[in-house]
Amino acid sequence: MDADKNLSRAGENLRPGVQKYVDAARKAAEERDRYIREVVKKWKFDTIAVHGLYSVQEALEKNQGSIIEPIFMSSSQAWHDADEMEAALAYLIPGWAYSRIANPSTGYLEDTLMLLETYGSDVEARCCCTSSGMSAIFSATEPLLAMEPQQTGPWNFVSSRQIYGGTYMLFDVRHPQMGAECRWVDDAADLDEWESRIDVNTSFLFGELPSNPGQTFFDIKAVADIAHKHDIPLIVDSTIATPALLRPFEHGADIVVHSVTKTMTSSGFGIAGAVIAKKPLHYRSVPWEGQEDYASYLKLLPNRDFGPNLSPFHAILTLNDLRTLRSKVSRMSHSAMQVARFLEEHPKVEKVEYLGLNSHPLHDLASRYMWLVDSEYDEVYGGRINRYGHLLSFLMKDGHEQARNVINNLQRIWRATDLGRIKSIANIPSISTHQQQGEESRQAAGIPPNLIRLCVGAEHPMDIIDDLDQALEKA
Ligand SMILES: *Cc1c(COP(=O)(O)O)cnc(C)c1O
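Definitions and cut-offs
- Residues numbered from 1 in each chain as written.
- Predicted model: local features only at pLDDT ≥ 70, side-chain atom pairs only at ≥ 80, totals over all residues.
- Heavy atoms only, no water.
- Near = heavy atom within 4 Å.
- Polar contact = N/O pair within 3.5 Å; in protein donor to acceptor, adjacent residues only side chain to side chain.
- Areas by Shrake-Rupley, 256 points an atom, 1.4 Å probe, with all protein chains shown as cover.
- 1 Å grid on protein atoms, 1.4 Å probe; cavity = no way out; pocket = protein on both sides within 12 Å on 5 of 7 lines; lining within 4 Å.
- Points joined across faces, edges and corners; volume = space filled by probe spheres on them.
- Helix = DSSP H or I, 4+ residues; strand = E, 2+ residues; numbered from the N terminus.
- Nonpolar A, V, L, I, M, F, W, Y, C, P; charged D, E, K, R; others polar.
- Domains from an automatic or database assignment.
- Pairing = 2+ DSSP bridges.
- Contact = heavy atoms within 4.5 Å.
- Axes fitted to C-alpha atoms, helices over the stretch in contact; angles between N-to-C directions.
- Parallel < 35°, antiparallel > 145°, perpendicular 65-115°, else oblique.
- Left-handed = near helix turned anticlockwise from the far one by under 90°.
- Buried area = accessible area lost by both parts, 1.4 Å probe.
- Salt bridge = Lys/Arg side-chain N within 4 Å of Asp/Glu carboxyl O.

Engineer: Looking at this model, I keep getting lost on the site of the ligand. Mind explaining?
Structural biologist: Close to the ligand lie 15 residues, the nearest being G133, D237, S259, T261 and K262. Interatomic distance of 3.3 Å between a side-chain N/O atom of N212 and an oxygen atom of the ligand. Contacts to the ligand include T261, whose side-chain N or O atom sits 2.6 Å from an oxygen atom. Within the complex, the protein chains bury 94% of what would otherwise be the 380 Å² of accessible surface of the ligand.

Engineer: When you look at the layout of surface pockets in this model, what are you seeing that I'm missing?
Structural biologist: Where empty space is left in the structure can be found by rolling a water-sized probe over the atoms. The calculated volume of the second largest pocket comes to roughly 380 Å³. Forming the walls of the second largest pocket are 24 residues, and the residues nearest its centre are Y164, S259, T261, K262 and I271. Taken together, the elements giving at least two residues each to the lining of the second largest pocket come down to α7 (133-141) and α8 (165-177). Examining the composition of the lining of the second largest pocket, we find that three residues originate from one element, α7, more than from any other. Of the residues assigned to the lining of the second largest pocket, the class counts are six nonpolar, twelve polar and six charged. In terms of domain composition, the lining of the second largest pocket takes at least three residues from each of domain 1 (2-322) and domain 2 (325-474).

Engineer: When you look at the sheet that holds strand β10 (residues 414-415) in this model, what are you seeing that I'm missing?
Structural biologist: Whether parallel or antiparallel, the strands of a sheet pair through hydrogen bonds between backbone atoms. The five strands lie next to each other as β8-β9-β12-β11-β10, forming an open sheet whose pairing is mixed. The sheet is open, and its two edges are formed by β8 (349-353) and β10, each paired on a single side. By the bridge criterion, three bridges tie strand β11 (residues 425-427) to strand β12 (residues 451-455) in an arrangement that is antiparallel. Looking at the pairing, N427 lines up with R453 of β12. Helix α14 (residues 325-345) rests against β8, β9 (391-396) and β12 of the sheet, and its axis sits at about 10° to β9.

Engineer: Which parts of the structure should I look at to understand the packing of helix α2 (residues 16-38) against helix α5 (residues 82-89)?
Structural biologist: Two quantities define a packed helix pair, namely the angle between the axes and the distance from one axis to the other. Between α2 and α5, the shortest axis-to-axis distance is 8 Å and the interhelical angle comes to 60°. As summarised for this structure, α2 and α5 are arranged oblique, according to the angle between their axes. Classified by chirality, the crossing of α5 by α2 is right-handed. Between α2 and α5, the contacting residues are G17, V18 and Y21 on the first element and D83, E84, E86 and A87 on the second. In the contact of α2 with α5, the residues fall into three nonpolar, one polar and three charged.

Engineer: Which parts of the structure should I look at to understand the environment of E117?
Structural biologist: Along the chain, the position of E117 falls in helix α6 (residues 104-117). Spatially, the C-alpha atom of E117 lies 5.4 Å from that of P243, the residues being 126 residues apart in sequence. Excluding residues within four positions of it along the chain, E117 makes contact with P243, L246, R247, P248, F249, V256, H258 and I276. A distance of 2.7 Å separates the side chain of E117 from the side chain of H258, its partner in a polar contact.

Engineer: Could you clarify how one ought to interpret the environment of V406 in this entry?
Structural biologist: Along the chain, V406 turns up in helix α16 (residues 400-409). The sequence separation of V406 and A227 amounts to 179 residues, and the corresponding C-alpha distance is 42 Å. Ignoring any residue separated from it by four or fewer positions in sequence, one finds V406 in contact with M396, I452, A471, L472 and A475.

Engineer: Sorry if this is basic, but what is going on with the domain arrangement of the chain here?
Structural biologist: Frequently, the measure chosen for interface size is the accessible area removed from exposure when the parts meet. Looking at the chain, the domain boundaries give domain 1 (2-322) and domain 2 (325-474). Just the C-alpha atoms count here: the centres of domain 1 and domain 2 sit 29 Å apart. The partner domain 2 presents 43 residues to the 43 residues of domain 1 that form the contact. By the criterion of area lost to domain 2, the three top residues of domain 1 are P213, Q215 and L245, representing 22% of everything that side buries. Where domain 1 packs against domain 2, one counts three salt bridges.

And the structure:
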């Protein structure tokens, strides 16, 4: 930790040349803040998704007028002189230096994600992109489990049990290998259960919603209040909802993590992740260097050393997908609702798990939180409308073999362990995404062997239903 402390040179007398760069950077930062406050924050969600912070002025002054954000395929940045180099490497000015630390193309994506996640609120936040959703979750949680001198005994953390299989392994196997205990909450909707798992060594609360594949949901505001009462942050994995349907910061969450791989990069070009953190985060488990700006801290210090950075090429591919996020999520969610209704009526299907169905026990709770952003401005809807995402699950009456048959009979829908795609995809979690966590923990997380996970894409819903119909018929 001492090495991190040495980076803070506040109050130090700087050389005049270094000071000149610091002053110029401060002016640029003020101008950026003004542009966000007075211009960008007044835009609607779709406008922000299309433009982010990349302006006509920036294009003309810096990028030869390129209307699309350039891909800076460069390992590192050159400096005008020694003073600028010193200022940048001391993190006194916001250069990017070396692409393991930062890169301007990745920066465009980070700005847009930060703006979308804080849309419609006064919350201030920063974003740090990573090479995958898992590295985002690792990055967000690892520093919170670093041992502090005043701490007695090992850290623990509390997580809802219904989470992505990779996160389950990180929490159940990897973090405990480093000495931190994971305490599971079996029923995330039960606030007393969250409360009962917390003690003085608890570092953070973590929840995923809606969860994958089980469609659990919890009262974000109430769980955030519990976290704050214990002076710890709430981290939410909001991958399935995306900011087009849910923005957890508004309800008190402190850190939002995403597998940007999924709906955000619906074209499926590759893997990416993001940590978006509120500013500031004054909690007892947050390292003091990270309290003012946790996401930038992750970027400049731990991630510089762990090295999970995102490639600039991929950042721009993702950014390009993000521009149409809201309309795609709306379309895919609307189709998912129709598919869910079809499956619910099918005689071979035992049960459909989809938050949008009235039959789901958490339908009312989810309906309080999940809205299509800006739908009140869409004339066709005549008001705000609920949307519940593109992910649903259904259970086959005749068990696991029948689920395999359905999967094998699919013709248009792809068999793959993926989600959020523009193409519909199905799998059986118990033999794929959630295979390695074992039967007992799958049972506790509500993932039976006859459960099929279906991610509805942007094809016409009638074609998706036709494919399911013929596959079920033969199963
Ligand atoms: C896929 C996924 C992850 C992991 O993201 P990767 O990009 O695959 O590393 C985390 N959380 C959820 C909800 C996911 O669906």
